[in-house]
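Residue strings, one per chain:
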Amino acid sequence: MRDLLASALAPTRYNVAAAASAALALVVAYVLVPHPYVQYGAWLVVFTVWMVWFVYVGVDHVYGIDDES
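None of these values were measured; they are calculated from a predicted model.

Analysis parameters
Residues numbered from 1 in each chain as written. Predicted model: local features only at pLDDT ≥ 70, side-chain atom pairs only at ≥ 80, totals over all residues. Heavy atoms only, no water. Patch = residues over 30% accessible without salt bridge, like charges linked within 9 Å, V, L, I, M, F, W, Y side chains within 5 Å. Areas by Shrake-Rupley, 256 points an atom, 1.4 Å probe, with all protein chains shown as cover. Salt bridge = Lys/Arg side-chain N within 4 Å of Asp/Glu carboxyl O. Helix = DSSP H or I, 4+ residues; strand = E, 2+ residues; numbered from the N terminus. Buried < 20%, exposed > 50% of the residue type's maximum accessible area, 1.4 Å probe, protein only. Arc of directions from axis to C-beta. Contact = heavy atoms within 4.5 Å.

So, a nonpolar patch on the surface
Together, Leu24, Val27, Val28, Tyr30, Val31, Leu32, Val33, Val38 and Trp43 make up a nonpolar patch on the protein surface, roughly 820 Å² of accessible area in all. Along the chain, valine 27 falls in helix 2 (residues 13-32). When its relative accessible area of 42% is taken as the criterion, valine 27 is described as partly exposed.

Okay, here's the thing in structure tokens:
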């Protein structure tokens, strides 16, 4: 399990892109445009990014699609 988590959370370009896009959405929603509707939309974006990342990591673990490791 530790090996899976270590490889899943390694700073690859996909992990960095997912974290950066989620952080950017939250910065926009809470710093640049602090409105409840924008914040709600930002959390929807964060959830969507997280689910795409989660499915990608799961498929990579099961089928080994990532060649960067």
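Considering helix 2
It helps to recall that an α-helix has 3.6 residues per turn; residues three or four apart then point in one direction. Among the residues of helix 2, Asn15, Ala18, Ala22, Ala25 and Ala29 are the ones counted as buried. With its buried residues spanning 110° around the axis, helix 2 presents them on a single face. Turned more than 90 degrees from where helix 2 packs its buried face, Arg13, Leu24, Val31 and Leu32 sit exposed. Structurally, helix 2 contributes buried residues whose contacts are with helix 1 (2-8) and helix 3 (36-63).

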